[in-house]
Amino acid sequence: YTTASHPRYVAGSIGPTGLLPASEDPLLGNARFAEVVDLFVDQVRGLVDGGADVLLIETTQDLLELKAAVHAIMRARADGGRVVPIQAQVTLDTSGRMLLGTDIAAALAVLEALPVDIVGLNCSTGPEQMREPARYLGTWSTKPVSIIPNAGLPLNVNGQAVYPLEPDAMAHALREMVDDFGVGIVGGCCGTTPEHLAALVRAIGRRPAPARPATPLPMVASMVRGVDLRQDPAPLIVGERVNTLGSRKVKRFALADDFDGMVEVARGQVDDGAHALDVCVAMTERTDEAETLRKLVKKLALNVEAPLVLDSTEPDVLRAALEQYPGRAIVNSVNMENGRARIEAVLPTALAHGAAVVAMTIDQEGMAKTAERKVAVAKAIHDIVVGEYGLAPEALIFDPLTFPLSTGEEEFVRSAVETIDGIRAIEAALPGVMTILGISNVSFGLNPVARKIVNAVFLYHAVQAGLDLAIVHPSHVVPFAEIPADERELAEDLVLARRPDALPRLIEHFEGREESAEQGGPDPMADLDVEARLHYRIVHRKKEGIEADIDEAVAARDPVEVLNEVLLPAMKEVGDKFGAGELILPFVLQSAEAMKRAVARLETYLEKQEGVTKGRVVLATVFGDVHDIGKNLVNTILSNNGYTVYDLGKQVPVNRIIEKAVEVEATAIGLSALLVSTSKQMPLCVKELHRAGLDFPVIIGGAAINRSYAQRTLFVDEETPYEPGVFYAKDAFEGLSLMDRIIDGGARERLVRDTVELARNALARPGREAFSVPDEAAATERSATPLVEPPTPPFWGVREM
Ligand code: THG
C-alpha cells in the first residue's frame, strides 16, 4: 500500500503474555522476570526481522510485564537486531487504574524513565473514560502520546460484547484530545472498524507533532502511585527501619523469613509519614540476600503504597530487586571507591529499569570529608553517570555522607558542617541533581534521648541547606521548634562544631536520661484551661485524653464554636508551621490524628437531623491530594445540618466525581484541594461539567484556593461562565451557608447572579494576574479548615511546557 506521496508504516504488536508477574496470583504471578523476557524475545525478533517500523507493547495490565517486554527488545537490539522505536501502552479501567492498581502518575513515572519512545493508553474503555489519563499524559509526558480506545465501553448483549460508539462520535472525541491535550497518535482498539478509522483520518488528518515538555517530572513510583522527588516543603522522608542493619527487630524477621513482619514495619513507617522506604536485608549470617530482597520487594510492592529505595552494596542483589519491582525505584547506592567499577556494575541495570540512583561521595582516596572533596567526587560521578550513561540529572541523588559525631575524633569534629556545606556546594555546582542523607548515622553511640535531639538539629540544618531526601525513623524525629532552647544550643554546638567541648557537654547533659523519663516531667498542660489544653494537644500531637477535653469544652460552649474557635485555629497553626519548614510531615499527620479524634467526639454532640434531606452533596478531595481531613470536616458540618453527603474520599479523578453526581442527582458538588498543583483539577472538573451540559453547582475550597481563583474557575473560557455557578467556601461554614442558598430557588438565582457579576468585574479590572493560579502570596484568604491537610505528595508540580 505504501506510495511515495503516502508512506505506510507497520506497527509490530506485542500484546500481554497473560501472566501477571508482579502479582501473587498462584497461576499468573510466579513467572520470574527473566522467563517473561524470554517469552517476548522470539516475538520481538520475528517482528523486527519481518520489517516492523515500530514495536507496539500494548494492552499492558502489569508494569513489570511491560518492563520485561522492553528488556526483550533491548536484548534483540544487543544481539544485533535493527533498532525499532518502542511505543508502550498501558490499559486502565474506568476507575483510571491498571489491573494491579497502578494510576496514571505511577505509570508515567515508570514509562518516562524506561527506554521507550512513545507512551500511551489502549483498550478497556472508550475515549470518554480515557480523557483524564490522556490529559495527564498530554500535559506531562516528554514523549509523544498515543491514545487508542475501544469503540466505547463494551455492552454485554446476550453474552456478546457490543461496542456502542459510532465512527463520527469516536473521531470527534479523539480530535478533542489532539486539539486540547496534545495527543500525537490516535487509533482504534476493540470494536473499531475501517469506518471508524476513516472517520478519524477525516476529522484529524495529518498535522505537525505537538510540542512536548522538555524535562520529565522528577518522580519515583510504587506500583500504585507516583511521588514527587521534590517535596514542598522538603524533605522527602525515606523510612529507615526496613533494614536488617538498622533494626534488630527487622533482622529477627529476616532471619526467620517472616516477610509479613517486615511488611508490618513498612506499613508503620508509611503511616508515620514516610514517602518512600529504604529496604535492606544484608546479613552476615546468610548468603541469600538477592532472593530475600526479591521476595520482600514483591510483598512490599503489593502491600505498601510508598516507592522503594533498594539498599545494597551488591550489584546482583540490586538487579534481583529491580527485576521484581513494577514501580520506579531508587538504587542505593553507587560510589567510586574502586574507580568506575561499581558504576559500571550497577548503572546499566538501573537505567534499563528506569531507576533513580543514589551516589555516595566516596572515591579511591576514601570517603570525602570536606565540602570541597564532596563536590569534586560528585562532579566526577556526574561526568560518568550523566555525561556517559545519560542518566537524567534529576534521577541522580548525591549522598554527601553522614559521620557519627560521638567519637570525638578530631577528624570528625567538623564532619556535619562539611556535610551540610557539601549539600549547598553540590546543588550549586550540579544544577538539577538531588541530595539525600541518612540522618540517624550522625548520632550513633549517643544515648537515645540525645540521639533524637542531635538528629533533629542535623536534619533541620541539612534541610535549610537544601537537602531533598532524608532517611529517618519518621516517628522518632523531634520537631526542631519544640527542642528546649538549652538542648538545642548543646546540639547545635556539636553539629555545627561551635565549641571544642561540645561533645562532653552534650553527653553530660543527657547522662542517665531515659526516654520514659520524658513523660515523667512536669505536665505542660497542668495550668491550662480546657480550650488551651485542646489547642496544645493538637499542636503537640497529644491525642490520648482528647475526648475528655472535648466533653469538658462542650459543657461550657456550643460544639460548633469549639470546632471553629479552638480546634481549627490549632490545626491552622500546625499547617503554618509545616509551611514554614518548622515541622516535617510525620508531625502534621500526628496532629491530624488528634484532630480527627477530637472531631469524632464533637460529632456526638451535634444534632443530626434525620428523615428528610435538604439536599445531596457529592464531596471529594481532588486527584493528587492524599490527605483529606479538611474535606472530612466539611462532611461533618453538612451532614449534621440536614444534607446527605456522598464522600468520595481523596485522590478522586474528575470522571468519578461527575459520575457520582449524575448517579445520585446531586444538588451540588464540593471539591477540596490543598496543593497549588492539584487545584488545577477544579477548573478541569468545571470544564468537563460544562462540556457534558450538566448543571451541578460547584463549591470549592482548600488550602491552595482563594476567592479570586474561584472567580477564574467560574469561567470555562474568556467570556462564558459555567452557568450553575462556581462558589468559593473559605471554610465548612461558608460551605453550609452556600448550600442553604443553593437549595432555595430565589436565593440561588441571586447567588449565581452576584457571583458572576463580581467575577466579571474582578476579571475586567487591570492586574489580571491575580486570577492566575493562586500562589502563597495570593492565598491570603486561606481558610483554617483546609490547612489541616498537609500538602504531600504532589502528583505533578506547576511547570512550564
Ligand atoms: N546513606 C544512604 N543510605 C543509608 C544510610 C546513609 N542507609 C542506611 C543508613 N545510612 C540509614 N538507615 C539507618 C537505619 C537505622 C539506624 C540508622 C540509620 C539506627 N538504628 C538503631 C541503632 O543502630 O541504634 C537501631 C535500633 C534498633 O535495633 O531498633 O540508628 O547514610 N544513602
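Every value quoted in this text rests on a predicted model; they were computed, and no experiment measured them.

Student: Describe the sheet that holds strand β18 (residues 396-399), with residues and values.
Tutor: The strand order around the closed barrel formed by eight strands is β11-β12-β13-β14-β15-β18-β19-β20, and the pairing between neighbours is parallel. Strand-to-strand twist in this sheet, taken as the mean axis angle between neighbours without regard to direction, amounts to 25°. Here strand β13 (residues 308-311) pairs with strand β14 (residues 330-334) via three bridges, running parallel. When the sheet's bridge partners are listed, leucine 310 is paired in β14 with valine 331.

Student: Tell me about the environment of valine 626, residues and numbers included.
Tutor: Summarising the element assignment, valine 626 is placed in the loop between β21 (615-621) and α22 (629-639). Assessed through its relative accessible area of 9%, valine 626 is described here as buried. For the pair valine 626 and leucine 751, spaced 125 residues apart in the sequence, the C-alpha separation amounts to 32 Å.

Student: So, the site of the ligand: which residues are in play, and what are the values?
Tutor: In the region of the ligand, 18 residues are neighbours, and Gly246, Arg248, Asp399, Asn441 and Arg451 sit closest. In this structure, aspartate 399 approaches the ligand through a side-chain N or O atom, which is 2.6 Å from a nitrogen atom. When the ligand is considered free in solution it has 680 Å² of accessible area, and contact with the protein chains removes 81% of it.

Student: Can you tell me about helix α15 (residues 485-495), naming the residues and giving the values?
Tutor: Given 3.6 residues per helical turn, the α-helix brings residues three or four places apart onto the same face. Among the residues of α15, those classed as buried are Glu487, Leu490, Ala491, Glu492, Asp493, Leu494 and Val495. Elements that come into contact with the buried residues of α15 comprise α13 (415-429), α14 (448-464) and α16 (502-510). In the stretch just after α15, alanine 497 is the one whose phi turns positive, near 50°.

Student: How would you summarise the sheet that holds strand β24 (residues 698-701) if you had to cite specific residues and measurements?
Tutor: If you walk across this open sheet you meet the five strands as β22-β21-β23-β24-β25, and the pairing is parallel. Two strands close off the open sheet at either side, each with one partner strand: β22 (643-647) and β25 (726-728). Each strand of the sheet is rotated relative to its neighbour by a mean of 25°, with strand direction disregarded. Inspection of the sheet shows strand β23 (residues 668-672) paired to β24 by four bridges, in the parallel sense. Among the inter-strand pairings, isoleucine 669 is bridged to a residue of β24, identified as valine 698. Together, β21, β22 and β23 form the strand contacts of helix α23 (residues 654-663), whose direction differs from that of β21 by roughly 170°.

Student: Lay out the environment of alanine 276 with the relevant residues and their values.
Tutor: Among the structural elements, alanine 276 can be located in strand β12 (residues 276-279). Spatially, the C-alpha atom of alanine 276 lies 28 Å from that of isoleucine 118, the residues being 158 residues apart in sequence. The residues touching alanine 276, leaving out its near neighbours within four places in the chain, are Leu236, Ile237, Val238, Gly239, Ala306, Pro307 and Val309.

Student: Outline the side chain of asparagine 640, supporting the account with residue identities and numerical values.
Tutor: Mapping asparagine 640 onto the fold places it in the loop between α22 and β22. Given a relative accessible area of 6%, asparagine 640 falls into the buried group. In terms of polar contacts, asparagine 640 uses its side chain to reach the backbone carbonyl oxygen of threonine 636, at 2.6 Å.

Student: Let's hear about the side chain of asparagine 335: which residues, and what values?
Tutor: With respect to the helices and strands, the residue asparagine 335 is situated in the loop between β14 and α11 (341-352). Looking at asparagine 335, the relative accessible area reads 9%, which means it is buried. Setting aside residues no more than four positions away along its own chain, asparagine 335 makes contact with Arg342, Ile343, Met360 and Ile362.

Student: A description of the nonpolar core should follow, citing residues and the corresponding values.
Tutor: Ranked by internal contacts, the top residues of the largest apolar core, which has 115 residues, are Leu563, Leu567, Met595 and Leu671. Examining the composition of this core, we find that 10 residues originate from one element, helix α21 (residues 585-603), more than from any other. Residues Leu236, Met262, Ala274 and Leu322 belong to the second largest nonpolar core, which totals 68 residues.

Student: Now, about a nonpolar patch on the surface: what can you tell me, with residues and values included?
Tutor: On the surface, a nonpolar cluster with roughly 220 Å² of combined accessible area is contributed by Leu155, Val157 and Val162. By the secondary structure assignment, valine 162 is in strand β7 (residues 160-162).

Student: Report on the packing of α21 against α22, specifying residues and quantitative values.
Tutor: α22 packs onto α21 with a crossing angle of 5° between their chain directions and a minimal axis gap of 11 Å. Viewed along their axes, α21 and α22 adopt a mutual orientation that is roughly parallel. Facing Ala592, Met595, Lys596, Val599 and Glu603 of α21, the residues of α22 in contact are Ile629, Leu633 and Thr636. Residues of the contact of α21 with α22, tallied by class, amount to five nonpolar, one polar and two charged.

Student: If you had to explain the pairing of β18 to someone new, which residues and values would you point to?
Tutor: Judged by which residues are buried, β18 turns out to be covered on both faces: Leu396 and Phe398 on one side and Ile397 and Asp399 on the other are all buried. As paired strands, β18 and strand β19 (residues 434-438) are joined by two bridges and run parallel to one another. Within β19, the residue paired with phenylalanine 398 across the bridge is threonine 435. Taken together, β18, α13 and β19 constitute a β-α-β crossover, and its handedness is right-handed.

Student: Explain the packing of helix α12 (residues 371-388) against α13 residue by residue, including any values.
Tutor: Interhelical geometry of α12 versus α13 gives an angle of 40° and a closest axis separation of 8 Å. Comparing their axes, α13 and α12 come out oblique. Between α12 and α13 lies a crossing of right-handed hand. Residues Ala371, Lys374, Val375, Ala378 and Lys379 of α12 form the contact with α13, whose own contacting residues are Glu418, Thr419, Asp421, Gly422, Ala425, Ile426 and Ala429. Class assignment of the residues belonging to the contact of α12 with α13 gives a composition of six nonpolar, two polar and four charged.

Student: How would you explain the pattern of salt bridges if you had to name every residue and give the values?
Tutor: Enumeration according to the criterion identifies 50 salt bridges in this entry. Arginine 340 is the salt-bridge partner of glutamate 388, the closest N and O atoms lying 2.8 Å from each other. Here glutamate 388 is found in helix α12, whereas its partner arginine 340 is found in the loop between β14 and α11, with 48 residues between them in sequence. Counted as one network, the salt bridges with shared partners bring together Glu128, Arg131, Arg135, Glu176, Glu688 and Arg691.

Student: Kindly report on the pairing of strand β1 (residues 11-14), identifying the contributing residues and their values.
Tutor: The two faces of β1 differ: Gly12 and Ile14 on one face are buried, but Ala11 and Ser13 on the other face are not. Sheet topology note: the β1/strand β2 (residues 54-60) ladder contains four bridges and is parallel. Looking across to β2, one finds that alanine 11 is bridged to valine 54.

Conventions adopted
Residues numbered from 1 in each chain as written. Predicted model: local features only at pLDDT ≥ 70, side-chain atom pairs only at ≥ 80, totals over all residues. Heavy atoms only, no water. Pairing = 2+ DSSP bridges. Helix = DSSP H or I, 4+ residues; strand = E, 2+ residues; numbered from the N terminus. Axes fitted to C-alpha atoms, helices over the stretch in contact; angles between N-to-C directions. Buried < 20%, exposed > 50% of the residue type's maximum accessible area, 1.4 Å probe, protein only. Near = heavy atom within 4 Å. Polar contact = N/O pair within 3.5 Å; in protein donor to acceptor, adjacent residues only side chain to side chain. Areas by Shrake-Rupley, 256 points an atom, 1.4 Å probe, with all protein chains shown as cover. Contact = heavy atoms within 4.5 Å. Core = buried A, V, L, I, M, F, W, Y, C linked by side-chain atoms within 4.5 Å. Patch = residues over 30% accessible without salt bridge, like charges linked within 9 Å, V, L, I, M, F, W, Y side chains within 5 Å. Salt bridge = Lys/Arg side-chain N within 4 Å of Asp/Glu carboxyl O. Parallel < 35°, antiparallel > 145°, perpendicular 65-115°, else oblique. Nonpolar A, V, L, I, M, F, W, Y, C, P; charged D, E, K, R; others polar. Right-handed = clockwise from strand over helix to strand, strands pointing away. Left-handed = near helix turned anticlockwise from the far one by under 90°.

Shape is all these values report; function is a separate question.
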